[in-house]
Amino acid sequence: MTTSARKASRVPAVLVLEDGRTFRGRAYGAVGETLGEAVFSTGMTGYQETLTDPSYHRQVVVMTAPHVGNTGVNDEDPESKRIWVAGYVVRDPARVPSNWRSVRTLDEELTAQGVVGISGVDTRALTRHLRERGAMRVGIFSGDAVTDEATMLAKVRSAPEMAGADLAAEVATAEPYVVPAVGARRFTVAAVDLGIKGMTPRRMAERGIEVHVLPATATLEDVYAVDPDGVFFSNGPGDPATADHPVSLMRGVLERSTPLFGICFGNQVLGRALGFGTYKLKYGHRGINQPVQDRLTGKVEVTAHNHGFAVDAPVDAPSDTPYGRAEVSHVCLNDGVVEGLRLLDRPAFSVQYHPEAAAGPHDASYLFDRFVSLMEGQRA
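About the criteria used
- Residues numbered from 1 in each chain as written.
- Predicted model: local features only at pLDDT ≥ 70, side-chain atom pairs only at ≥ 80, totals over all residues.
- Heavy atoms only, no water.
- Helix = DSSP H or I, 4+ residues; strand = E, 2+ residues; numbered from the N terminus.
- Rg over C-alpha atoms; globule rule 2.2 N^0.38 Å.
- Buried < 20%, exposed > 50% of the residue type's maximum accessible area, 1.4 Å probe, protein only.
- Areas by Shrake-Rupley, 256 points an atom, 1.4 Å probe, with all protein chains shown as cover.
- Lys, Arg positive; Asp, Glu negative; His and termini not counted.
- Charge placed at Lys NZ, Arg CZ, Asp CG, Glu CD.
- Contact = heavy atoms within 4.5 Å.
- Phe/Tyr/Trp six-rings, centres within 6.5 Å; stacked < 30°, edge-to-face > 60°.
- UniProt positions renumbered as here; feature names shortened; annotations may be inferred.
- Axes fitted to C-alpha atoms, helices over the stretch in contact; angles between N-to-C directions.
- Parallel < 35°, antiparallel > 145°, perpendicular 65-115°, else oblique.
- Nonpolar A, V, L, I, M, F, W, Y, C, P; charged D, E, K, R; others polar.
- Salt bridge = Lys/Arg side-chain N within 4 Å of Asp/Glu carboxyl O.
- Core = buried A, V, L, I, M, F, W, Y, C linked by side-chain atoms within 4.5 Å.
- Pairing = 2+ DSSP bridges.
- Expected span 1.5 Å × (residues − 1).
- Polar contact = N/O pair within 3.5 Å; in protein donor to acceptor, adjacent residues only side chain to side chain.

(A) Here's a closer look at the overall build of the protein chain. Scanning the protein chain for helices and strands turns up 11 helices and 20 strands. The C-alpha atoms of the protein chain give a radius of gyration of 21 Å, which matches the 21 Å a tight globule of 380 residues would have. Referenced to the eigenvectors of the C-alpha coordinate spread, the extents of the protein chain come out at roughly 65 × 40 × 40 Å. By the burial criterion, 56% of the 380 residues in the protein chain qualify as buried. Carbon and sulfur atoms provide 48% of the accessible area of the protein chain, an area that totals close to 15,300 Å². Averaging the coordinates of the 39 positive side-chain charges in the protein chain and doing the same for the 46 negative ones gives two points 5 Å apart.

Below is the structure:
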C-alpha cells in the first residue's frame, strides 16, 4: 500500500442512502463526494471487469464479496478504457495484492481515476437493505465532503434517478472503429455500441467476424454502409424506455431480415422493437453466478449479469409481433425474469446476460456460434 493510500484509508467516509440510512467507514480510492444508484454485485472475482463495464455508468457498486483487491490491477482485463462506476463500496480491501499480473493496487487505480469509494462497511447489512428496499440513490462522502447528515441526504435526494435515464450515448464510441477477424474473414458484422464491452467484439473476431463498431447514434444507412452479414446490439446503461433511436434502428434491421443478435440492453431494445414493454427490477441482477435456463435445450447456464431493467413478455406461449412470432427463449431460475427472446419467422435473437464473460466459465459462448449459424443460413 502506498503512502497516499495509507493516508486515505484513515480518512473518515460516510455512505448515505436516499431513505436516510447511513453507513460509516473509511475512504477507499479518491477522497471527495459522489452520487449514483446503489446496486450490489455478487461476483467473487472479476472486479476489474465490473469497474470498467460501461453498463455501470452512474451506479455505486456494493461488492458482496468481503475481500476485494486481492489480485490488484493489470492492463489486460479492463473492458473499456476507463472505470465507469460512480462509486465503490467494499468491506475489507486487500492491503497488498498477490498476483503475477498485478501492476498496481486497486486503491491506486481508483484514486488515479478519481473514483470515490468507501471501505470498512458492513456490506452484508447494506446488501440486505437494498434487497428489501430496492436499489436507490446513494452518496459517498469523505474528507471535507462529510457534513451533517441532513445536508448529505438532501444532495442524495437531488440526484437524478435511473428510471428515465438516457445514458447509452454518454458511454458509446464517438467514432466508428473496426475489430478485425482473427484469421480468414468469414463475415462482417455491424455492432451498435450502446456501452459495448471490449471482450464482445473479440469473441466475434475469434469466429472469423470482422466487427465494425458504430456509435449509438448510427443511422440505418450507417449500418448498411458496411455491407453487414449480421447486426449486433450491445449492452449499455440506462432505462430502455428512453431508447427510442436504437428501437427504431433495430426495427429497420428486422424489416430487412438481416441476422440480428442483442445482449443485455440489446435484449431490452429487441423487446421494445417487438412491441413488449420493459420495467425496472427491484434490485436487479449483477454478478457472475446467475442461473439461466435455455428453454430450447433445457440446459442451465451459469451466467454473468448486469441489468436493472427487464422485458415484460409472456413466457407461456409465443406472441404475435409485427415481425412474426416471438418467444421467450431463456428465463432466470431465481425469479423467472425474461432472459432471452427469439423470433421464429426471422433470424433474430437476444439474451439479457453477457455471453462474452467467463462466468461458468464459458457456458454461454455458444450464443456467438448461434449468431454465426444465422449468418450462414442467410448466406445459403
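From this point, the narrative continues.
(B) Focus on the environment of D363. Along the chain, D363 falls in the loop between β20 (348-351) and α11 (366-379). Between the alpha carbons of D363 and V96 there is a distance of 33 Å; along the sequence they are 267 residues apart. Filtering out sequence-adjacent residues up to four positions away, D363 remains in contact with K299, V300, E301 and V302.

(C) Geometry of the packing of aromatic side chains. Going through the model one piece at a time under the given rule, you end up with 5 aromatic pairs. For the ring pair F261 and F349, a centre distance of 4.5 Å and an interplane angle of 15° mean the geometry is stacked. Taken together, the residues span a long stretch of sequence, with F261 in strand β14 (residues 260-263) and F349 in strand β20 at a distance of 88 residues. A single burial state applies to F261 and to F349, both of which are buried.

(D) Region of the structure containing the UniProt feature "domain: Carbamoyl-phosphate synthase small subunit N-terminal" (unreviewed entry) in the protein chain. In the UniProt entry, the feature "domain: Carbamoyl-phosphate synthase small subunit N-terminal" (unreviewed entry) is given for residues 11-141. Along residues 11-141 one finds 18% helix and 34% strand; the C-alpha atoms at either end are 10 Å apart.

(E) Examining the packing of helix α9 (residues 244-255) against helix α10 (residues 265-273) more closely. Close contact between α9 and α10 brings their axes to 9 Å; oriented N to C, the two are set at 70°. With respect to each other, α9 and α10 are oriented roughly perpendicular. Across from D244, P246, V247, M250, R251 and L254 in α9, the residues of α10 making contact are G266, V269, L270, R272 and A273. In the contact of α9 with α10, the residues fall into 7 nonpolar, 1 polar and 3 charged.

(F) Here's a closer look at unusual backbone geometry. At R58, a residue that is not glycine, the phi angle is positive and equals roughly 70°. Take R58: it is sitting in the loop between α2 (47-51) and β4 (59-63).

(G) Expanded view of the UniProt feature "binding site: L-glutamine" (unreviewed entry) in the protein chain. The sites that carry the UniProt feature "binding site: L-glutamine" (unreviewed entry) are, in the present numbering, S55, G236, G238, F265, Q268, N306, G308 and F309. For this annotated set, covering 255 residues, all C-alpha atoms fall within 13.3 Å of each other, a compact arrangement in space. Looking at where S55 falls in the secondary structure, it is placed in the loop between α2 and β4. Those residues within four positions of S55 in sequence are excluded, and the remaining contacts are N235, G236, P237 and N306.

(H) Structural context of the pattern of salt bridges. Per the counting criterion, the structure on display carries 21 salt bridges. Here R104 makes a salt bridge to D75, at a shortest N to O gap of 2.6 Å. Within this pair, whereas R104 is found in the loop between β7 (92-93) and α3 (106-112), its partner D75 is found in the loop between β5 (67-68) and β6 (87-89), the two being separated by 29 residues in sequence. With a shortest N-O distance of 2.8 Å, K197 and E356 are connected by a salt bridge. Of the two residues, K197 sits in the loop between β11 (187-192) and α7 (199-205) while E356 sits in the loop between β20 and α11, which places them 159 residues apart along the sequence. By the burial criterion, K197 is buried, and E356 matches it.

(I) Here's a closer look at the nonpolar core. Ranked by size, the top nonpolar core spans 35 residues in total, and within it L194, V223, F233, M250, L254, L274 and L341 carry the most contacts. Breaking this core down by element, the ones donating at least two residues are β11, α8 (220-225), β13 (230-233), α9, α10, β18 (324-332) and β19 (338-343). When residues in this core are grouped by element, the largest group, 5 residues, is from α9. Residue contacts for L274: discarding those within four places in its chain leaves L254, T321, P322, Y323, A326 and L343. Residues I209, F232, F261 and V292 belong to the second largest nonpolar core, which totals 24 residues.

(J) A look at the sheet that holds β4. Ordered in space as β1-β2-β8-β6-β4-β3-β9, the 7 strands form a closed barrel in which the pairing is mixed. Here the strands of the sheet are splayed against their neighbours by 35° on average, with no regard to which way each runs. Pairing geometry for strand β1 (residues 12-17) and strand β2 (residues 22-29), over 5 bridges, is antiparallel. Each bridged residue has a counterpart across the sheet, and for V16 the counterpart in β2 is T22.

(K) Expanded view of α11. The end-to-end C-alpha distance of α11 is 20 Å, a good match for the 20 Å that 14 residues give at a rise of 1.5 Å each. Buried residues of α11: Y366, L367, F368, F371, V372 and M375, and no others.

(L) The environment of K280, seen in detail. Along the chain, the position of K280 falls in strand β15 (residues 277-294). Accessibility expressed as a relative area gives 31% for K280, which makes it partly exposed. In this structure, the C-alpha to C-alpha distance between K280 and L106, residues 174 residues apart in sequence, is 31 Å. For K280, the residues in contact, after removing those within four places along its chain, are E37, A135, M162, A163, G308 and F309. A polar atom in the side chain of K280 sits 2.7 Å from the side chain of E37.

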